[in-house]
Amino acid sequence: MATSDKIAKTQPTETPTKKVVFFGDSLSDHGNNGKYTDAGGKVWSEIFPKLVYATVSYNYAISESSSDNLEVQISNYLNASCPETDKAIYSLLTGGNDVKNDVPNAHINIHNIIDNLESSINKIQSGDKASAQKQFLVFNLPTTAPAANSFSRFTHYKIKNWYNEGQVPDNNNDNSFVDMVADTLLEKASYAVGGILENFNVLGINPRAYFNQYMEDTNSNYTVSLKNLICVYRKKHIDVKFIDLAEHHKQIIENPDVYGVDPGPHCITSEGCENGLYFDLIHFSTKGHELFAQFVAETLRHPELQQTWECNVQDYL
C-alpha cells in the first residue's frame, strides 16, 4: 500500500510548476454536475493537487457520465485557455457508470472503456501544447463498486433509478412533502427487498455472493486490460501510471481500524460521518476521499510502490 507507515513523507527539494486536470465522473466531480460527499466536505480532486504541489488545477469531471463523455470533457479543456506549465498530470477516472449501468444485462463493454481511454490520452497528448511533460493516471475500480459491498444497497439503487425514470418531474414542486415521503418509503422497501434476496438461494446461488463475485471478476478483467493499454504507451514512451484503486479499497475494507474508518454505514442514513467510508451507496465520504487522495499522491511520490508486470502488446484488449 502506498499509504504504508514505512514510507517517509518527504518534501521535494524543488517545487516544480504543475497543473492537474481531472476528467471522469462523480468520483472526481467537485460540483460541475453535483458533488457526492458529505456536506461541506471535499472530494479527492480538491485534495490531491496540494499533495503534489500543483500550482493550478482544473476539473472537467461530470457526475453520471460514462467513459463515452471523456471526449466532450477533453474538448472543453483543450478549447479553454490554460497557462503553460513544466508538467501536467491528467486524471482519467472513469468506468464506474459504464459498469453500473450495464450490470443487470451482464454486458459490460470493457473494450469500449479502454478504447475511450486510449483515444482520450491520444487527444490530450497531441492537443495540449501548454505542457511539455505529461503524465496520465488511469484507475481500476473499487473491488465492490458500485454496491459498497452490499447486494441490498445495490437493489435499492437500481429500484430507485427505475422509479425515478418513470416519474414526470414537477418543476414547480421538486421537494414536496409527498415526494419526500415517497422517497423514504421507496428506500426502506428497496432495502427490504435486497435484504430478503440476500438470504435466498436460487439453484444454489446466493444473489449477494454472485453479484460480488461478478463485480470482482469484471474489475479483474478491466485491470488486465488497463495494464495492457499502459504497455502500449510504454513502447511510445508516454507516461501513463496505473492507480490500483481496487487494492486500495480492499485494504481499507479488510483493515478499517488501521485507516480509522467504518466501512459499514453510509452518511446519508447515519448520524454523523466523521469515520464513515461511504457517503451513499457508491461514493466515498470526505474521509474516504482524503484516503484516496493520499494514496494516489504516495503512489506517484514513490516509484518503488508502482506495480510492475510483463507486457504483451499484441492484443492489449
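Residues numbered from 1 in each chain as written. Predicted model: local features only at pLDDT ≥ 70, side-chain atom pairs only at ≥ 80, totals over all residues. Heavy atoms only, no water.

**Some details on the packing of aromatic side chains**
Working step 1: For the structure shown, the criterion picks out 15 aromatic pairs.
Working step 2: Ring centres 5.4 Å apart and planes at 55° place the aromatic pair W44 and F48 in the tilted group. Within this pair, W44 and its partner F48 are both found in helix 1 (residues 44-51), separated by four residues, close to a single helical turn.
Working step 3: Arranged with centres 6.1 Å apart and planes meeting at 90°, the rings of F242 and W309 form a pair that is edge-to-face. Taken together, the residues span a long stretch of sequence, with F242 in strand 5 (residues 239-243) and W309 in the segment after helix 10 (286-301) at a distance of 67 residues. Like F242, the residue W309 is buried in the burial classification. (Phe/Tyr/Trp six-rings, centres within 6.5 Å; stacked < 30°, edge-to-face > 60°. Helix = DSSP H or I, 4+ residues; strand = E, 2+ residues; numbered from the N terminus. Buried < 20%, exposed > 50% of the residue type's maximum accessible area, 1.4 Å probe, protein only.)

**Structural notes on helix 4 (residues 110-127)**
Working step 1: With 18 residues, helix 4 should cover 26 Å at 1.5 Å per step; its first-to-last C-alpha distance of 25 Å lies within 8% of that length.
Working step 2: Restricting attention to buried positions, one finds in helix 4 the residues I110, I113, I114, N116, L117, E118, S120, I121 and I124.
Working step 3: Of the residues flanking the start of helix 4, the one acting as N-cap is N109, its side-chain oxygen 3.3 Å from the backbone nitrogen of H111. (Expected span 1.5 Å × (residues − 1). Polar contact = N/O pair within 3.5 Å; in protein donor to acceptor, adjacent residues only side chain to side chain.)

**As for the sheet that holds strand 3 (residues 85-93)**
Working step 1: Read from one edge of the open sheet, five strands run 2-1-3-4-5, paired in parallel fashion. The open sheet has two edge strands with one neighbour each: strand 2 (56-59) and strand 5. Between one strand axis and the next, the sheet turns by 20° as a mean value, whatever way the strands run.
Working step 2: Note that strand 1 (residues 18-24) and strand 2 share four bridges and pair parallel. Residue pairing across strands places V21 opposite Y58, the latter belonging to strand 2.
Working step 3: Relative to the sheet, helix 1 contacts strand 1, strand 2, strand 3 and strand 4 (131-139), its axis offset from that of strand 1 by approximately 160°. (Pairing = 2+ DSSP bridges. Axes fitted to C-alpha atoms, helices over the stretch in contact; angles between N-to-C directions. Contact = heavy atoms within 4.5 Å.)

Remember that the coordinates give geometry; whether it matters functionally is a separate question.
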